[in-house]
Amino acid sequence: MTRVAVIGAGLAGLVCALRLAQGGADVTVFSRGTGGLHLTPGMIDVLGYAPERVEAPGETLAGWVAARPEHPYAQLAGAPLEEALDWFRGVAAPLRYGGDLAANMLLPTAAGVARPTAMAPAGMAAGDLRGGRRVVAVGLRALKDFFPAYLADNLRRAALPGGAAVEARHAVATWSPRPGADVQGHYFARALDEPGARAGLAAELRAIVEPGETVLMPAVLGMRASAEAWEDLCERAGAPIAEVPTLPPCIPGMRLNLLLTRALGEAGGRMVVGPEAVGVDGSGGRIDAVRIRDAARVRAVPADHVVLATGGFESGGVELDSYGAVREPALGLPVAGPPGGGRGLGPRHLDEHPLMAAGVRVDDRLRPVDASGAPVWGNLRAAGSIIAGAVPWREKSGEGIAIAAGHRAACTILEDT
């Protein structure tokens, strides 16, 4: 059985590991922490801005990557992306993801921004603002990370296609799984997995909502059975309900992490959380083992293939030192820095920062390459935002790149075995 070490437990790493395990590989995921999915809203952004808001990501991508040959989508757009999203939709079926590459939805964020995204769980997709909508934003008194008045106020100002508008008001519900205390989102989510706990909240929502309104709730409507909890609450409240992701950590990201890690275990994969990858051993252009720092010792873990999915600057997959040098700390791979050299940083926070596109360059099989374009190691792949050329936070492209690259890296390994 082919042994594969996946370094990193974010979306790209988990997608890659699960696809490999499904294909019969012996997969181990090594991660310093629990991965970044807990911090994400669970939406699948493929391309939201280019630089203006994108309405049809699939149609836009073809021309967009033609002008950006260094972007990860130059390797991944088209069939690899479509195949990966189809696979993801099947794997994530319990969360009932809706949407596709034909048109971005416009889903409300907790700040009241209409966010363009290609796919989202049914409970969030129900809040699609295209065409306008009447909403009541309902907060939970015991949950301090959601501000319904702020959400409603900003949604009234949202710029929507065709001059559509949002009519919004706000309210607060008092139901709580721990009456008298401030309660974090995951307590609400776990409590609302139980049908009996949903009756009290539904009764309050029925009294709040007016005919023709959609209820916008913080995304805490269930953890392990969220789709069923959302559907049941809609029925009990007698009104459509849409979830809005809260500030990180986000319950929808936790749900997706839980689903993928559980599927990985069921497929025979393993997760090792804590040890840090600090290098590789190899010869003849191929890696033989990954060196893992585990407590006070470094041990070599034999591997036939390795996937690096440690992310970009935000997760420490790429680092910038005080002298302005950019490096990849796990395996010491060559890093493609900002075009034209220099620090690549603009003077203001929201300016263009070319440095943020730094990462490792890859070939058409997602193998990291050196300055000459040759693979550094023949059996090493990269996946996710460690790949150079993208600025996911600005483009709203992170999840699309992660899923497509993770899936593509796994498929190329399975082809080689």
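It should be noted that the structure appears before, not after, this text.
As the structure is a prediction and not an experimental result, all values here were calculated from the model.

This next bit is on the environment of P69. Structurally, the position occupied by P69 is in the loop between α2 (57-66) and α3 (73-76). The spatial distance from the C-alpha of P69 to the C-alpha of V335 is 17 Å, given a sequence separation of 266 residues.

As a further point, take the pattern of salt bridges. Pairing is possible between side chains of opposite charge, provided their charged atoms come close. For the structure on display, the rule yields 29 salt bridges. The partner of D281 in a salt bridge is R291, with the nearest N and O atoms 2.9 Å apart. With D281 in strand β12 (residues 276-283) and R291 in strand β13 (residues 286-294), this pair connects stretches of sequence that are 10 residues apart. On the basis of relative accessibility, which here comes to 30%, the residue R291 falls in the partly exposed class. One network of salt bridges, with partners in common, ties together R134, E167, R169, E210 and E213.

Evaluated as defined, the whole model comprises one cavity of 30 Å³ or more. In this structure, the largest cavity spans a volume of roughly 50 Å³. As for the largest cavity, its lining consists of L95, P121, A122, G123, S226, A227, W230, E243 and R255. Contributing elements (two or more residues each) for the lining of the largest cavity: α5 (122-125) and α9 (226-237). The element that contributes the greatest number of residues to the lining of the largest cavity is α9, accounting for three residues. Classifying every residue of the lining of the largest cavity by side-chain character gives five nonpolar, two polar and two charged.

A word on the packing of helix α8 (residues 195-208) against α9. Packing of α8 against α9 brings their axes to within 9 Å, and their N-to-C directions diverge by 45 degrees. By the angle between their directions, the pair α8 and α9 is classed as oblique. At the point where α8 passes α9, the crossing takes the right-handed sense. On α9, the residues that touch P195, R198, A199, L201, A202, L205 and R206 of α8 are E228, A229, D232, L233, R236 and A237. Partitioned by chemical class, the residues of the contact of α8 with α9 number eight nonpolar, no polar and five charged.

In this section: the sheet that holds strand β14 (residues 297-302). With antiparallel pairing, the three strands of this open sheet are ordered in space as β12-β13-β14. Single-partner strands in this sheet number two, and they are β12 and β14. Sheet twist, expressed as the mean angle between neighbouring strand axes with direction ignored, is 30 degrees. The sheet contact formed by β13 and β14 spans six bridges and is antiparallel. Along β14, the bridge assignment pairs A289 with P302.

A few words on the packing of aromatic side chains. Tallying each qualifying case throughout the model produces two aromatic pairs. Here F88 and Y97 contribute two aromatic rings whose centre-to-centre distance is 5.1 Å and whose plane-to-plane angle is 75 degrees, an arrangement assigned as edge-to-face. Across the pair, exposure class does not vary: F88 and Y97 are buried alike. Considering the side-chain rings of W175 and F188, the 5.9 Å spacing of their centres and the 55 degrees angle between planes classify their relative orientation as tilted. Here F188 lies in helix α7 (residues 185-192) and W175 lies in the loop between β8 (166-173) and α7, a separation of 13 residues in the sequence. Side by side, W175 and F188 carry an identical accessibility label, which is buried.

Here four strands make up an open sheet; going across it, the order is β8-β7-β9-β10 and the pairing parallel. The open sheet is flanked by β8 and β10 (241-244), the only strands paired with a single partner. Mean inter-strand twist for the sheet, computed between neighbouring axes without regard to direction, equals 30 degrees. Sheet analysis places strand β7 (residues 133-140) next to β8, joined by eight bridges and oriented parallel. When the sheet's bridge partners are listed, A137 is paired in β8 with H170.

Once that is clear, we can look at the nonpolar core. One broad trend across soluble globular proteins is that nonpolar side chains are buried collectively. Grouped together as the largest cluster of nonpolar side chains are 79 residues, with contacts concentrated most on L20, V46, Y73, F88, L260 and V290. Those residues in contact with Y73, other than ones at most four positions away along the chain, are V46, L61, W64, V65, L81, S397, G400 and I401. By size, the runner-up hydrophobic cluster in this structure holds 49 residues, among which are L160, L192, V220 and A237.

Quick look at the pairing of β10 now. With burial as the criterion, each face of β10 is covered, one bearing I241 and E243 and the other bearing A242 and V244. Relative to β10, strand β9 (residues 214-218) is paired through four bridges, and the arrangement is parallel. Residue pairing in the sheet places P218 in a bridge with V244 of β10. On the question of chirality, the crossover connecting β9 to the parallel β10 by way of α9 is right-handed.

Looking now at a nonpolar patch on the surface. A contiguous nonpolar patch, built from F147, Y150 and L247 and spanning about 310 Å² of accessible area, is present on the exposed surface. Position of F147 among the secondary structure elements: in the loop between β7 and α6 (148-155).

This brings us to the layout of surface pockets. In this approach, a probe sized like a water molecule rolls over the atoms, and the result shows the empty space that is left. In this structure, the second largest pocket spans a volume of roughly 550 Å³. Together, 22 residues line the second largest pocket, and R68, A357, G389, V391 and E395 are the ones closest to its centre. Here the residues of the lining of the second largest pocket sort into 12 nonpolar, four polar and six charged.

What counts, and where the lines are drawn
- Residues numbered from 1 in each chain as written.
- Predicted model: local features only at pLDDT ≥ 70, side-chain atom pairs only at ≥ 80, totals over all residues.
- Heavy atoms only, no water.
- Helix = DSSP H or I, 4+ residues; strand = E, 2+ residues; numbered from the N terminus.
- Salt bridge = Lys/Arg side-chain N within 4 Å of Asp/Glu carboxyl O.
- Buried < 20%, exposed > 50% of the residue type's maximum accessible area, 1.4 Å probe, protein only.
- 1 Å grid on protein atoms, 1.4 Å probe; cavity = no way out; pocket = protein on both sides within 12 Å on 5 of 7 lines; lining within 4 Å.
- Points joined across faces, edges and corners; volume = space filled by probe spheres on them.
- Nonpolar A, V, L, I, M, F, W, Y, C, P; charged D, E, K, R; others polar.
- Axes fitted to C-alpha atoms, helices over the stretch in contact; angles between N-to-C directions.
- Parallel < 35°, antiparallel > 145°, perpendicular 65-115°, else oblique.
- Left-handed = near helix turned anticlockwise from the far one by under 90°.
- Contact = heavy atoms within 4.5 Å.
- Pairing = 2+ DSSP bridges.
- Phe/Tyr/Trp six-rings, centres within 6.5 Å; stacked < 30°, edge-to-face > 60°.
- Core = buried A, V, L, I, M, F, W, Y, C linked by side-chain atoms within 4.5 Å.
- Right-handed = clockwise from strand over helix to strand, strands pointing away.
- Patch = residues over 30% accessible without salt bridge, like charges linked within 9 Å, V, L, I, M, F, W, Y side chains within 5 Å.
- Areas by Shrake-Rupley, 256 points an atom, 1.4 Å probe, with all protein chains shown as cover.

These results come straight from atomic positions and should not be treated as a statement about function.
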